[in-house]
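Results of the structural survey
Listed here are the chains, written in short residue letters.
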Amino acid sequence: MGIMRLGYAHVRVTDMTEAKNHYGSTMGLYETLEDVSPEGNKRTFYKGWDEWDHHSVVLEEGGVGVVKYGWKAQHEADIEAIENKAKTFGLTVERMSAGENPEVGDGIRFTTTSDHVFEVYHSQTAIGTEVGTHNPDPFPRHLVGIGVPALDHSLITCEDPKLMEKLLMDVFDFYPTERIQTSLEDDHELAGTWLTSNNQIHQMAVIGGPQGKLHHFAFRLDDWSQVGHAADLLTMDDVAVDVTPTRHGITRGQTTYFFDPSGNRNEVFGGGYLAFPDRPTNVWTVDQIGKGIFYHSRELNERFTSVLT
Amino acid sequence: MATIIVQPSGAEIFISPDDTVLAGLQKAGYACTVGCRRGGCGICKVDVLEGSFTYNRRVADSVITATERADGTCLSCRAVPDEDLTIQMRDASLRLVNPLLGQLNAKARERARAASTAPEEQ
């Protein structure tokens with residue numbers, strides 16, 4: 001099927017000690033590796049309790065924002081197929097060797113039209129989920145903090161969302177589940193797009209803004225009650241909350257946004273509906289953008305499109 | 001305890017030791033534009049006209065450039081005054097709260113301007 005999921009988000013943090021307290025103790029991710037990058041920066045690798053691969057979040061000390069994203073392909077042959085599609089699209093693709101990222105196999109790397117670095121790989125060292133596969137319980141008994149099960153999706157900004165949507169469709173075979181358009185006419189501009197390759201409502205979203213920026217990366221939760229519980233814990237841990245629990249019109253997901261100690265925006269995301277390639281794409285017109293993003297307040301806060309790292 | 005003079009109004013506030021400029025402003029009842037409040041987004045910058053400050057945490061070069069470190073730019077959520085400060089608020093009057101809609105509006109204005117100045121078709 002090509003790209004199965006967003007495999008990892010690799011982000012920069014200004015202070016590793018503070019960042020580890022957030023991602024380890026508040027989010028409840030499991031640390032799987034600590035090392036130093038070839039450039040000499042401290043790095044910490046994490047996985048969620050319901051993820052089986054070695055890592056889904058990589059923190060690298062020295063700045064803020066996103067370093068790169070890893071995308072996991074189902075078959076080894078998918079890598080070459082995606083490489084060919086990327087070249088046809090006009091991208092410069094380089095080969096990535098096993099070990100360039102710890103515990104990640106061979107793959108490819110390219111910079112998108114949005115100026116984000118994408119890596120595509122097929123193999124990553126399997127650790128297994130915390131509950132295992134033999135008569136598994138539904139969740140681990142001793143979760144720490146929010147205890148997020150898995151990385152879910154990310155939202156990035158770029159100057160030309162339409163071109164980035166075309167890249168994700170042409171190269172990754174993604175399809176859009178939701179769009180924000182300036183009108184319903186054919187000559188509309190695309191202000192935002194939410195895309196996926198599978199039943200997950202979105203794996204990557206793109207809105208208009210500066211090149212190469214991170215809006216947020218999100219962790220999966222089941223439902224409202226978990227989102228509310230997460231928000232309680234964020235306050236207990238004095239995390240800077242951006243948006244208290246609400247629903248998105250776009251995707252119907254339930255959400256809370258907050259900032260890590262370096263100012264990178266995180267989200268916990270629950271619910272939403274199942275995506276299918278033959279489901280008609282939902283279209284939001286810009287006059288309804290407030291309702292699309294924050295369904296209850298129907299108003300964008302000042303920070304949503306201006307606070308980026 | 002340091003004093004911050006806030007321009008353009010000239011309002012004077014006292015700030016507790018170790019409080020950041022932003023915390024001082026907020027504790028004194030001021031509302032101003034803030035973002036992540038964690039030193040990552042750069043939204044809360046003000047200009048220091050007089051006085052000096054120290055950042056209480058590491059601040060990324062992508063948030064405060066080398067030029068900004070020298071020209072009085074102050075990331076208010078991470079800056080702790082060393083002494084009395086005089087600061088100038090930025091964008092204090094017209095606040096664009098939705099830049100995305102602002103960008104789309106700017107493009108529409110450009111298109112309308114181009115259409116109005118285009119030579120008439122024969």
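Residues numbered from 1 in each chain as written. Chains lettered and ligands numbered in written order. Predicted model: local features only at pLDDT ≥ 70, side-chain atom pairs only at ≥ 80, totals over all residues. Heavy atoms only, no water.

Residues and elements named next belong to chain A. Enumeration over the complete set of coordinates arrives at 15 aromatic pairs over all chains. When the ring of Trp 71 is compared with that of Phe 172, the centres are 5.4 Å apart and the planes differ by 65 degrees; the resulting orientation is edge-to-face. Linking Trp 71 in strand β5 (residues 65–73) with Phe 172 in helix α3 (residues 161–172), this pair joins segments that are 101 residues apart in sequence. Geometrically, the ring pair formed by Tyr 257 and Phe 294 is edge-to-face, given 6.4 Å between the ring centres and 85 degrees between the ring planes. On the criterion of sequence distance, the pair formed by Tyr 257 in strand β15 (residues 253–259) and Phe 294 in the segment after α5 (289–293) is long-range, its members being 37 residues apart. Residue class for Phe 294 comes out buried when judged on its relative accessible area of 2%. Through successive ring pairs, a cluster of aromatic residues spans Tyr 69, Trp 71, Phe 110, Phe 118, Phe 172 and Phe 174. (Phe/Tyr/Trp six-rings, centres within 6.5 Å; stacked < 30°, edge-to-face > 60°. Helix = DSSP H or I, 4+ residues; strand = E, 2+ residues; numbered from the N terminus. Buried < 20%, exposed > 50% of the residue type's maximum accessible area, 1.4 Å probe, protein only.)

Let's shift gears to the UniProt feature "domain: VOC" (unreviewed entry) in chain A. In this numbering, the UniProt entry assigns the feature "domain: VOC" (unreviewed entry) to residues 5–123 and 150–271 of chain A. The span residues 5–123 of chain A shows a helical share of 21% and a strand share of 42%, and its end C-alpha atoms are spaced 13 Å apart. (UniProt positions renumbered as here; feature names shortened; annotations may be inferred.)

Per-residue confidence for chain B averages 87 on the pLDDT scale, and 92% of its residues sit at or above 70. Scored by ipTM, the complex comes to 0.82, with pTM at 0.92. (pLDDT = per-residue confidence, 0-100.)

Further remarks concern the interface of chain A and chain B. As a measure of interface size, the accessible area lost when the parts come together is often cited. With 33 residues of chain A at the contact, the number on the chain B side is 26 residues. Taking both sides of the interface into account, the surface hidden between chain A and chain B amounts to around 2200 Å²; carbon and sulfur atoms contribute 53%. Looking only at chain A, the three residues that lose the most surface to chain B are A:Thr14, A:Glu189 and A:Glu302, adding up to 25% of its buried area. Linking chain A with chain B are 4 salt bridges. Inspection of the chain A/chain B interface yields 8 residue pairs in polar contact (both at pLDDT 80 or more). Partitioning the side of chain A that touches chain B into residue classes produces 12 nonpolar, 11 polar and 10 charged. (Contact = heavy atoms within 4.5 Å. Buried area = accessible area lost by both parts, 1.4 Å probe. Salt bridge = Lys/Arg side-chain N within 4 Å of Asp/Glu carboxyl O. Polar contact = N/O pair within 3.5 Å; in protein donor to acceptor, adjacent residues only side chain to side chain. Nonpolar A, V, L, I, M, F, W, Y, C, P; charged D, E, K, R; others polar.)

Looking now at empty space enclosed by the protein. Residues and elements named next belong to chain A. On inspection of all chains with the given rule, the structure shows 4 cavities of 30 Å³ or more. Looking at the largest cavity, it is lined by 15 residues, and the ones nearest its centre are Trp 194, His 202, His 216, His 248 and Tyr 257. Counting only elements with at least two residues in the lining of the largest cavity, the list comes to β9 (150–158), β16 (265–271) and α5. Of the residues contributing to the lining of the largest cavity, the split by class is 8 nonpolar, 6 polar and 1 charged. (1 Å grid on protein atoms, 1.4 Å probe; cavity = no way out; pocket = protein on both sides within 12 Å on 5 of 7 lines; lining within 4 Å. Points joined across faces, edges and corners; volume = space filled by probe spheres on them.)

With that settled, the discussion passes to the sheet that holds strand β3 (residues 42–47) of chain A. Residue and element names in this part refer to chain A. Pairing is mixed in the open sheet, where 8 strands are placed in the order β2-β3-β4-β1-β5-β8-β7-β6. Each end of this open sheet is capped by a strand with a single partner; those strands are β2 (30–36) and β6 (93–96). Each strand of the sheet is rotated relative to its neighbour by a mean of 20 degrees, with strand direction disregarded. Taken together, the 4 bridges between β6 and strand β7 (residues 107–111) define a ladder with antiparallel strand orientation. Considered in β7, the bridge of Arg 95 is made with Ile 108. Relative to the sheet, helix α1 (residues 16–26) contacts β1 (3–13), β2, β3 and β4 (57–61), its axis offset from that of β3 by approximately 0 degrees. Helix-sheet contacts for α3 involve β1, β5, β7 and β8 (117–121), and the interaxial angle to β8 is about 15 degrees. (Pairing = 2+ DSSP bridges. Axes fitted to C-alpha atoms, helices over the stretch in contact; angles between N-to-C directions.)

Let us now look at the side chain of A:Asp78. All names here are of chain A. Here Asp 78 lies in helix α2 (residues 76–89). In this structure, Asp 78 is buried with no salt-bridge partner, the nearest side chain bearing the opposite charge being Lys 85 at 7.3 Å. For Asp 78, the side chain forms a polar contact with the main-chain nitrogen of Gln 74, separated by 3.3 Å. Those residues within four positions of Asp 78 in sequence are excluded, and the remaining contacts are Met 1, Gly 2 and Ala 73. (Lys, Arg positive; Asp, Glu negative; His and termini not counted.)

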